[in-house]
Amino acid sequence: MIVEHALLPVRPGSADAFEAAFAQAYPIIAGMPGFGGLSLSRCVERPDTYLLLVRWARLSDHTEGFRGSPEYQRWRALLHHFYEPFPVVEHFTPVTGDEVFPATGALPSGGK
């Protein structure tokens, strides 16, 4: 399993629109092969920053499968214009800790 990590700096004043767009984009990523769940959290100290964690079966499911898919273009169109600057995306292998992803394919609680 791989965990994708991205801090998403959303343009000030765009949080509500971003969250609505993310709710539209969620089914796109959820339908991708290798997708295992995600968590989107809003920063308490910097409310225009979000933490996105996505679980993938393999790194290539994200970097080649998702990013190389036609569906990714729709994801980009819905979300990328909110970011300022564009986020750095990194991938991690879990070492230890509690599961932070929902077991179902439903939009995580707190999503709109």
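Further up the page is the structure itself.
About the cut-offs
Residues numbered from 1 in each chain as written. Predicted model: local features only at pLDDT ≥ 70, side-chain atom pairs only at ≥ 80, totals over all residues. Heavy atoms only, no water. Helix = DSSP H or I, 4+ residues; strand = E, 2+ residues; numbered from the N terminus. Buried < 20%, exposed > 50% of the residue type's maximum accessible area, 1.4 Å probe, protein only. Areas by Shrake-Rupley, 256 points an atom, 1.4 Å probe, with all protein chains shown as cover. Pairing = 2+ DSSP bridges. Axes fitted to C-alpha atoms, helices over the stretch in contact; angles between N-to-C directions. Contact = heavy atoms within 4.5 Å.

*Asks:* What am I meant to see in the overall build of the protein here?
*Replies:* Looking only at helices and strands, the protein features 3 helices and 4 strands. Counting every position in the protein, which comprises 112 residues, the buried fraction comes to 38%. Counting every atom, the protein has about 6,400 Å² of accessible surface; 56% of that belongs to carbon and sulfur.

*Asks:* Would you take a moment to explain the sheet that holds strand 4 (residues 89–92) for this structure?
*Replies:* Backbone-to-backbone hydrogen bonds join strands into a sheet, with any given pair of strands oriented parallel or antiparallel. Ordered in space as 2-3-1-4, the 4 strands form an open sheet in which the pairing is antiparallel. The sheet terminates laterally at strand 2 (35–42) and strand 4, the two strands that pair on one side only. Each neighbouring strand pair of the sheet contributes to a mean axis angle of 20°, computed without reference to strand direction. Pairing of strand 1 (residues 2–9) with strand 4 involves 4 bridges; the strand directions are antiparallel. The residue of strand 4 that forms the bridge with Val 3 is Phe 92. Packing against the sheet, helix 1 (residues 15–30) makes contact with strand 1, strand 2 and strand 3 (49–56), and its axis sits at approximately 175° to strand 2. Strands strand 1, strand 3 and strand 4 of the sheet are contacted by helix 2 (residues 59–66), whose axis makes an angle of about 150° with strand 4.

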